[in-house]
Amino acid sequence: MDFFTADICDEYKERVQVLAPGYRNYGGTLRFAGPIRTLRLIRNNYELIHLLQEPGNGAVAVVDVNAEYWAVVGENLMKFAREHGWSGILVHGYIRDTHITATLPVGLLALGTCPRKSFESNEGIRGLNLFFGDVTFRPGDWLFADGDGVVVVEAKIAEKILQK
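Note that the structure is a prediction, hence the values are computed from the model and not measured.

This paragraph deals with the side chain of asparagine 44. Counting through the fold element by element, asparagine 44 comes out in the loop between β3 (32–40) and α2 (46–52). When its relative accessible area of 9% is taken as the criterion, asparagine 44 is described as buried. Within the structure, asparagine 44 has its side chain in polar contact with the backbone nitrogen of tyrosine 46 (distance 2.5 Å).

Written out as structure tokens, the structure is:
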């Protein structure tokens, strides 16, 4: 997949949403893209574990934990993502085990790191429109990430980008 987020912004202008600064890539892949699958979590990553054990088919998991300071993704979840064909994970929150996540061929964007995880038991909610970082993430829209940033476009624009 050959794309550059700067070129996407230049060509599609107002039809592109750009993720606000503050997210860093902790994965082993700098450039990744895929259809968005959304998940809202409340101090527990149980539902994310289940999601990443399903076939990803190149999708990007977009996870909102309201930027709470506890780790959502670590070594084990990144291995699930790799094994099941996920292109990447974007977390509006924190991750851990970066010494391993950086070696796995999956993109992993997050606000930062935190060594602790939550042990609470709450259910997550899939398939919602999520809003953070000045972007509305809708299931089925596409996320493109590279060294310049992260952009989100509708599926019909993604089809045009992928045909080039």
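This part takes up the packing of aromatic side chains. Under the defined criterion, the tally for this structure stands at five aromatic pairs. The ring of phenylalanine 3 has arginine 31 sitting right over it, with the charged end atom 5.5 Å from the ring centre. Its guanidinium or amino end placed over the ring of phenylalanine 4, arginine 31 lies 4.3 Å from that ring's centre, counting from NZ or CZ.

Attention now goes to helix α5 (residues 155–163). Note that an α-helix has 3.6 residues per turn; residues three or four places apart therefore point the same way. Residues of α5 that are buried: Ile157, Ala158 and Ile161. Projection of α5 onto a plane perpendicular to its axis shows the buried side chains occupying an angular sector of 100°, all on one side. Relative to its buried face, α5 has exposed residues pointing more than 90 degrees away, namely Lys156 and Gln163. Check the buried side of α5 and you find it contacts α1 (5–12), β13 (142–146) and β14 (149–153).

Before going further, it helps to spend a moment on the side chain of threonine 5. Mapped onto the elements of the fold, threonine 5 is located in helix α1. Judged by relative accessible area, which is 4%, threonine 5 ranks as buried. Every residue in contact with threonine 5, bar those within four places of it in the chain, is listed here: Phe144, Ala145, Asp146, Asp148, Gly149 and Val151.

Our next topic: the environment of glycine 133. Residue placement: glycine 133 occurs in the loop between β11 (130–132) and β12 (135–137). Here the alpha-carbon distance between glycine 133 and alanine 20, two residues 113 residues apart in the chain, equals 4.7 Å. Ignoring any residue separated from it by four or fewer positions in sequence, one finds glycine 133 in contact with Val18, Leu19, Ala20 and Tyr23.

All right, on to the environment of isoleucine 100 then. Within the fold, isoleucine 100 resides in helix α4 (residues 98–101). Distance in space between the C-alpha atoms of isoleucine 100 and leucine 143 is 24 Å, their sequence separation being 43 residues. When residues no more than four places from it in sequence are discounted, the contact partners of isoleucine 100 are Glu75 and Lys79.

Okay, the pairing of β3 next. Both β3 and β13 contribute to a ladder of four bridges, which runs antiparallel. Paired with phenylalanine 32 across the strands is alanine 145, a residue of β13. Across five bridges, β3 lies against strand β4 (residues 60–64) in parallel orientation. If you follow threonine 38 over to β4, its bridge partner there is valine 62. Considered for its hand, the β-α-β crossover made up of β3, α2 and β4 is right-handed.

Analysis parameters
Along each chain, residue indices are assigned from 1 in the same order as the chain's sequence is written. Under the rules for a predicted model, residues below a pLDDT of 70 receive no local features and side-chain atom pairs below 80 are neither given nor counted, while totals for whole chains, interfaces and linings still include all residues. Side-chain metrics in this entry use all non-hydrogen atoms of the structure; hydrogen atoms and water are not considered. Helix numbering and strand numbering both begin at the N terminus, where a helix is a DSSP run of H or I of at least 4 residues and a strand a DSSP run of E of at least 2. For every residue, the accessible area (1.4 Å probe, protein chains only) is compared with the maximum for its type, and the residue is labelled buried under 20%, exposed over 50%, or partly exposed between those bounds. Counting of polar contacts relies on pairs of N or O atoms within 3.5 Å, with two restrictions inside protein: one atom must be capable of donating a hydrogen and the other of accepting it, and residues adjacent in sequence are counted only when both atoms are side-chain atoms. Stacked, tilted and edge-to-face pairs are distinguished by plane angle, under 30 degrees for stacked and over 60 for edge-to-face with tilted covering the rest, among Phe, Tyr and Trp rings (Trp via its six-membered ring) whose centres lie within 6.5 Å. Counted as over-ring charges are cases with an Arg CZ or a Lys NZ within 6 Å of the ring centre that also lie within 35 degrees of the ring normal. What the arc describes is the spread of directions from the helix axis to the C-beta atoms. Contacts were defined at the residue level, with two residues in contact if any of their heavy atoms lie within 4.5 Å. Whether two strands pair comes down to DSSP finding at least two bridges between them. Orient the strands so they point away from the viewer; a crossover is then right-handed if the path from the first strand over the helix to the second runs clockwise.

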